[in-house]
Amino acid sequence: IMQINEILLQYGQKHILEHMTGLKDSDIDILASQISNIDWEEMSNLINKYVKGKEHFQAPSNISPPKYFTYQPENDKGKKYYQKAIEEGKLLISQGKVAILTVAGGQGSRLGFEGPKGKYPITPIKNKTLFQYNAEKIRKLNQKYSVELQWFIMTSPSNDAETQAYFKENKYFNLSPKSVHFFTQGTMPAIGFDGKLLLGAPNSLALSPNGHGGTLLALKKSGILNLMKENGVEHISYFQIDNPLVSIACPLFIGLHKLENSEMSSRALIKTGPFEKLGNFCIVDGKLKIIEYSDMPNDLAEKKDEQGRLLFRAGSPAIHVFKVDFIQRLTKTGHLELPWHKAVKKVPFIDSEGELVKPSEPNAIKLETFIFDALPYAENPLILEAVREEEFSPVKNQDGVDSAVSCRRMMIEKDAKKLELAGISVPKKPDGSIDCVIEFSPLAILDND
Ligand code: UTP
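These remarks concern the structure in this document. (Residues numbered from 1 in each chain as written. Predicted model: local features only at pLDDT ≥ 70, side-chain atom pairs only at ≥ 80, totals over all residues. Heavy atoms only, no water.)

## Points about the site of the ligand
Here is step 1: The local shell around the ligand holds 19 residues, among which Ser-109, Arg-110, Lys-117, Gln-185 and Lys-396 are the closest.
Here is step 2: A distance of 2.7 Å separates a nitrogen atom of the ligand from a polar atom in the side chain of Gln-185.
Here is step 3: Contacts to the ligand include Ile-241, whose backbone N or O atom sits 3.3 Å from an oxygen atom.
Here is step 4: For the ligand, whose unbound accessible area comes to 560 Å², protein coverage reaches 91%.
Here is step 5: Of the residues contributing to the shell around the ligand, the split by class is five nonpolar, ten polar and four charged. (Near = heavy atom within 4 Å. Polar contact = N/O pair within 3.5 Å; in protein donor to acceptor, adjacent residues only side chain to side chain. Areas by Shrake-Rupley, 256 points an atom, 1.4 Å probe, with all protein chains shown as cover. Nonpolar A, V, L, I, M, F, W, Y, C, P; charged D, E, K, R; others polar.)

Below is the structure:
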């Protein structure tokens, strides 16, 4: 305890010490263990840099747009190469060399849904949840490729138990329980604007998940990377739980990744406009990077090429394929330094009177790392264009842009296309939009490939 006292005094966190004096021993132990798990040297640097400092993102000067594989091959040679990639991708999937990784550790604060986001009911008729919908896609893939794909789900300490209980209650949606693996990401304490860490409960700091960048180290620390190696998994197909449209094991994408010997591959969408809220793929000093929409200088975002298209038109829908060896190399030392991204948020906290306060205005800084910041470390990274209507409709909000409502509409439109491809006409309004509700089970029909 003496050591904890010293740490708290040395790093300007006296308020926690004062709070602890009123606690019973078991609560002191919990808090003390959280405090001793923090790297205080690093925390102090982060507070100086992101909370007290006025650090601004500096737009790099040596920046250009990246090349990408277009959705449709550009010529006959390309056509042959894509065909070869599709065959290669199918082979890898059927050999069990590809694992599925879903990140589901986020707090879903914009959606305002209590509990893990994966439990959110999304399908337009049956109200299947995001987890169930994905589980059914995996079952269908297992049938199609005569394989048992391994599914890895990242949770956070606050939603892990509920997530695992949900799968158990639902008998893993008829997947084999041993093919579904959960692992938990790390956390970061929320920091008040005065540099003091907030208490989220009488016996706990206000901890939140450390961002999807935490996936990489969590894979290593949980032993999952070793498990993958032992089971012959070579590549990981990565996506986010809130994007039910995604093709979770796309043979073309996986095949190109393999043929190009890429360590980390990404899908890209053509941005709808210069300021669409997607990360921008850029080449900076010869390395592929993603620059967040909020960091992209306006003049660069609006710049056009000679054909009148946006110069930086490749936006990221957060769909990747990783080589297992790449993640192993990155995390070999047990440390991984990805840049931190700062968000100003409303974080409930225990005040000096011991009362829980739910602020109506932002009161704290949360720091997260992002998975795409691993890109510059990857050898031969490639980008494959995706068609938005087929791959991306994130459920971030209840209504409006990127919402449950827009996602359901896009799910219906995607399924309507399948009907039309099969020669069945679909009722439409005069403006061409679909005038009915459709839902296909992934068990009946999967993606067009
Ligand atoms: P977002 O950053 O959009 O966060 O996550 P969110 O939790 O869904 O929603 P908000 O921002 O609180 O409203 C994109 C994906 O990354 C996962 C989320 O679960 C989601 O699938 N994620 C995010 C994690 O797994 N861990 C994190 O720490 C953050």
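## Topic: the packing of aromatic side chains
When we look at a pair of aromatic rings, we describe it by the centre distance and by the angle of the planes.
Here is step 1: Counting across every chain of the model gives 13 aromatic pairs.
Here is step 2: Seen in terms of ring centroids, Phe-167 and Phe-173 are 5.6 Å apart; in terms of plane orientation they differ by 85 degrees. Their pairing is edge-to-face.
Here is step 3: Judged by its relative accessible area of 0%, Phe-167 is buried.
Here is step 4: Of the residues examined, Phe-173 reaches a relative accessible area of 8% and is grouped as buried.
Here is step 5: Members of the aromatic cluster, connected to one another through ring pairs, are Phe-131, Trp-151, Tyr-166, Phe-167, Tyr-172, Phe-173 and Phe-182.
Here is step 6: Sitting over the face of the ring of Phe-253, Arg-267 holds its NZ or CZ atom 5.3 Å from the ring centroid. (Phe/Tyr/Trp six-rings, centres within 6.5 Å; stacked < 30°, edge-to-face > 60°. Buried < 20%, exposed > 50% of the residue type's maximum accessible area, 1.4 Å probe, protein only. Lys NZ or Arg CZ within 6 Å of the ring centre and 35° of its normal.)

## Some thoughts on the side chain of Thr-129
Here is step 1: Within the secondary structure, Thr-129 is located in the loop between strand E2 (98-103) and helix H6 (130-145).
Here is step 2: A polar contact of 3.1 Å, which involves the side chain of Thr-129, links it to the backbone nitrogen of Gln-132.
Here is step 3: For Thr-129, the side chain forms a polar contact with the side chain of Tyr-166, separated by 2.8 Å.
Here is step 4: Not counting residues up to four positions away in its chain, the partners in contact with Thr-129 are Gly-118, Lys-119, Tyr-120, Pro-121, Ile-122 and Tyr-166. (Helix = DSSP H or I, 4+ residues; strand = E, 2+ residues; numbered from the N terminus. Contact = heavy atoms within 4.5 Å.)

## Quick notes on the pairing of strand E19 (residues 364-368)
Walk down a regular strand and you will see the side chains alternate between the two sheet faces.
Here is step 1: Counting buried positions over the five residues of E19 gives four, a clear majority of the element.
Here is step 2: As judged from the two bridges shared by strand E6 (residues 191-192) and E19, these two strands associate in the antiparallel manner. Counterpart to Gly-192 in the pairing with E19 is Ala-364.
Here is step 3: Where strand E16 (residues 341-345) and E19 come together, five bridges link them in antiparallel fashion. Looking across to E19, one finds that His-341 is bridged to Glu-368. (Pairing = 2+ DSSP bridges.)

## A short note on helix H10 (residues 251-259)
Here is step 1: Counting buried positions over the nine residues of H10 gives seven, a clear majority of the element.
Here is step 2: Residues of H10 that are buried: Pro-251, Leu-252, Phe-253, Ile-254, Gly-255, Leu-256 and His-257.
Here is step 3: Two residues or fewer after H10 comes Asn-261, characterised by a positive phi angle close to 55 degrees.

## Some words on the pairing of strand E11 (residues 264-270)
Here is step 1: Within E11, six of the seven residues are buried, which leaves it mostly tucked inside the rest of the structure.
Here is step 2: The sheet contact formed by E11 and strand E15 (residues 320-323) spans three bridges and is antiparallel. Residue pairing for E15: Met-264 is matched across the bridge by Phe-322.
Here is step 3: By the bridge criterion, four bridges tie E11 to strand E20 (residues 382-385) in an arrangement that is parallel. Looking across to E20, one finds that Ser-265 is bridged to Leu-382.

## Quick look at the pattern of salt bridges
Here is step 1: Scanning the entire structure with this criterion turns up 16 salt bridges.
Here is step 2: The residue Lys-14 makes a salt bridge to Glu-18 at a minimum N-O spacing of 3.9 Å. Of this pair, Lys-14 and Glu-18 both sit in helix H2 (residues 14-20), separated by four residues, roughly a single helical turn.
Here is step 3: Taken together, the shared-partner salt bridges connect Lys-117, Asp-242 and Lys-396 into one network. (Salt bridge = Lys/Arg side-chain N within 4 Å of Asp/Glu carboxyl O.)

## Topic: the sheet that holds E16
Here is step 1: Read from one edge to the other, the open sheet built from three strands follows the order E6-E19-E16, with strand pairing classed as antiparallel. The open sheet has two edge strands, E6 and E16, and neither has a second partner.

## A word on helix H7 (residues 160-169)
Here is step 1: Among the residues making up H7, those that are buried are Asp-160, Thr-163, Tyr-166 and Phe-167. On an axial view of H7, the arc spanned by its buried residues comes to 130 degrees, and they lie on one face. Exposed and oriented more than 90 degrees from the buried face of H7 are Ala-161, Lys-168 and Glu-169.
Here is step 2: On its buried side, H7 packs onto H6, strand E3 (151-155) and strand E4 (180-184).
Here is step 3: Positive backbone phi, approximately 50 degrees, marks Lys-171, located one or two places after H7. (Arc of directions from axis to C-beta.)

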